[in-house]
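Overview (structure and organization)
Listed here are the chains, written in short residue letters.
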Amino acid sequence: MNPQWDLPDCYPTAPTSKQLDVLKRRRQLALDTPLERGTTLELTSPSLYPDSVAQPLDTPPQSYRRRIPDLLSPRGPARSPTQYDLRLVEPLRVGICRSQVWRAIITPLSGAKAEFHVVLKLWHEALFEFSLGIANPPADDWDWRNARWLCSKEAAGYTQLNSLQGSDIPTCYGIYEFFLPCREKAFGIILEDLTESTRPLEAHIRLELTELESELSKMDALVSAVFHVLRRIHQLGLSCLNEAFSFQKVLIFKASSPDNPRIVVYGFEETMPAAEMPIIPPKEFWQHPDPLIRRLRLRDQWGKKVDLKHEFRDAEVVGFLFGASWSGKSRDPYAIIESFAKRHPHQLKIIYCSVDTTESDYLANTKGKPWLSMEWDDGSNPESPLAPTAEPFLLAHDPDLETSNEVPTTDPDCALYLRPYSRVHLAEKFQVLGIPNLVVYHLGKREVLSYHFRIDKLGNAKTGTGGEGVFEKWRKGERLDFEFKDLVGGLKWTLAFGAAAAAYLVAVRVGGADDVVSKWTENLTKQYFGVQGP
């Protein structure tokens, strides 16, 4: 930069008249020598911020896009003082704005004549959005930082999110100083070129989802995918959700499935440090590849917290038992499940989801039992609210943004912490209306096999036998459909009384039997109401 253009790093207030004259001259110089297609920029390597550059991956995960190894190698521009030229190909964002964005081709000046397609984001101070044509511009127009500061902020973002480069955010190939045709110095970042394969999310919605009422499922999938990415960014310590966030900074891959859209977020010069979760427990209590199991906080029959991967290492089927100790309720269903669980201690895991009204009842139903149990202190009971140091459990009616099976696909190492389910949230999720209620879940298929399983199908609690055919079908992931005999079994007493009433009516009307019921009701009417019967 010319020495006479010695300007401050930022303008929290309007500049002096001398500084304003300098800015006007810079603006005019930039407009007289604009960046155009075919313009070649000199690149000063190596990268100003080496830690922001993507790390080479010998065996990248399946969800990661292919990188350009030549630009990331020890002899590439990011890590060595190698001479490269950058030729501008197509403008993506130009004019009076915070940053200019171009498609470009980067080429080494020596060695093999290879060309690599990239995107250049350039901070050109002379074209920043400040008011030059107003005699006394408002002070708000001058709250901006210089190009080097914005460049360093963007570098910090790509450094902190390095593990997401090539999946949730673009791959960064370095941040450099550039000399423009007007001989001014500018700062820019070279990124992966996604222009052919993606489009901005706003444009996608306008193009593909014109009739939202008939496309609500697609909208739900889109919103969920965006928040999955933002959550992973937040997990690494950055927050994109501020007044500067725009869905123009969200790209969607054109070829991605409407049910599982692939999203990329870019632009981190305005990010803020993310707020920390109130409390995150040790990883063994929440890391598990299954999208449902990882949302549970469990205790064993001795009241100790459960290591999920260890506990479910051999499990194939999980039964969620919603139950309670209520006066007058039969204990037979619980005895049947207890006997059945003891016969399948490894492949089958029963989880007691308490609907008890007191903690003492909860403990009585879990201590020494052959099942695990969901946490009592999860906010499900109004008289036992969440403690300030507790995890942020999802309660009834709380929205859950992580419901799809996309989570284990994009987070195979279970590095992403997700808010756990409370008992009331799980009951709402499974549409539990009464107790005891058994929900059957298959781990391999990640699918609920039954929401309201008939417990008496599991065998006889007294003899400890039966139900083996049921478990074999569960292991295979087969659903046990509701049959006519199940309806008869569930309504057996109702059907029996109905049959007896029908037989009595036939005996009186056809067979001439004495109508004892009518005489009895007539006597009751006279006795209590003093009214003559019919």
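Just above, that's the structure.
With the rule as written, the count across this model stands at 21 salt bridges. Across the salt bridge formed by Arg 65 and Glu 192, the nearest N and O atoms sit 2.7 Å from each other. One end of the pair, Arg 65, is in the loop between β2 (40–44) and α2 (69–72); the other, Glu 192, is in strand β8 (residues 185–192), with 127 residues separating them in the sequence. Classification of Glu 192 by relative accessible area gives buried; the value is 10%. In this structure, Glu 177 and Arg 148 form a salt bridge, with 4.0 Å as the shortest nitrogen-oxygen distance. Of this pair, Glu 177 sits in strand β7 (residues 172–179) while Arg 148 sits in helix α3 (residues 147–160), and the two are 29 residues apart along the sequence. Members of the salt-bridge network, linked through shared partners, are Glu 90, Arg 103, Asp 193 and Glu 196.

This next bit is on the packing of aromatic side chains. Each aromatic ring pair is described using two quantities: the centre-to-centre distance and the angle formed by the ring planes. Applying the stated criterion across every chain yields a total of 11 aromatic pairs. Relative to Phe 471, the ring of Phe 340 lies with its centre 6.2 Å away and its plane at 70°, an arrangement referred to as edge-to-face. Within this pair, whereas Phe 340 is found in helix α7 (residues 332–343), its partner Phe 471 is found in helix α11 (residues 468–475), the two being separated by 131 residues in sequence. Like Phe 471, Phe 340 is buried. Judged by centre distance (6.1 Å) and plane angle (15°), the rings of Tyr 352 and Trp 371 are stacked. Note that Tyr 352 is positioned in strand β16 (residues 348–354) and Trp 371 in the loop between α8 (359–364) and β17 (372–374), a separation of 19 residues in sequence. Relative accessible area serves as the criterion here: at 1%, Tyr 352 is assigned to the buried category.

This part is about α3. Between its first and last C-alpha, α3 extends 20 Å over 14 residues, near the 20 Å set by a 1.5 Å rise per residue. By the burial criterion, the buried members of α3 are Ala 147, Leu 150, Cys 151, Glu 154, Ala 155, Gly 157 and Tyr 158. Along the axis of α3, the buried positions cluster into a sector of 160°, meaning they face one direction only.

Here the focus is α7. Counted at 1.5 Å a residue, the expected span for α7 with its 12 residues is 16 Å, and the 17 Å between its end C-alpha atoms agrees. Among all positions of α7, only Pro 333, Tyr 334, Ile 336, Ile 337, Glu 338, Ser 339, Phe 340 and Ala 341 are buried. Along its buried surface, α7 packs onto β15 (317–323), β16, β18 (437–442) and α11.

Residues Ile 233, Ile 263, Val 265 and Phe 268 are the most contacted members of the largest nonpolar core, which totals 30 residues. Only α3, β7, β8, α5 (216–235), β11 (250–253) and β12 (263–265) provide two or more residues apiece to this core. Among the elements that take part in this core, α5 stands out by supplying 7 residues, more than any other.

Take the pairing of β18 next. Counting buried residues in β18 gives 6 out of 6 residues, a clear majority hidden from the surface. Residues Asn 437, Val 439 and Tyr 441 point to one face of β18 and Leu 438, Val 440 and His 442 to the other, with burial holding for every one of them. Two strands pair when backbone bridges link them, and β15 and β18 are joined in this way by 6 bridges, in the antiparallel orientation. Bridge pairing in β18 links Phe 320 to Val 439. Looking at chain direction, β18 and strand β19 (residues 447–450) are connected through 3 bridges and run antiparallel. Considered in β19, the bridge of Val 440 is made with Ser 450.

Strand order in the open sheet made by the 6 strands is β14-β17-β16-β15-β18-β19, with mixed pairing throughout. Because the sheet does not close on itself, it has two edges, and the strands there are β14 (298–299) and β19. For β14 and β17, the ladder comprises 2 bridges, and the chain directions are antiparallel. Pairing of Leu 298 across the sheet is with Met 374, part of β17.

Criteria and thresholds
Residues numbered from 1 in each chain as written. Predicted model: local features only at pLDDT ≥ 70, side-chain atom pairs only at ≥ 80, totals over all residues. Heavy atoms only, no water. Salt bridge = Lys/Arg side-chain N within 4 Å of Asp/Glu carboxyl O. Helix = DSSP H or I, 4+ residues; strand = E, 2+ residues; numbered from the N terminus. Buried < 20%, exposed > 50% of the residue type's maximum accessible area, 1.4 Å probe, protein only. Phe/Tyr/Trp six-rings, centres within 6.5 Å; stacked < 30°, edge-to-face > 60°. Expected span 1.5 Å × (residues − 1). Arc of directions from axis to C-beta. Contact = heavy atoms within 4.5 Å. Core = buried A, V, L, I, M, F, W, Y, C linked by side-chain atoms within 4.5 Å. Pairing = 2+ DSSP bridges.

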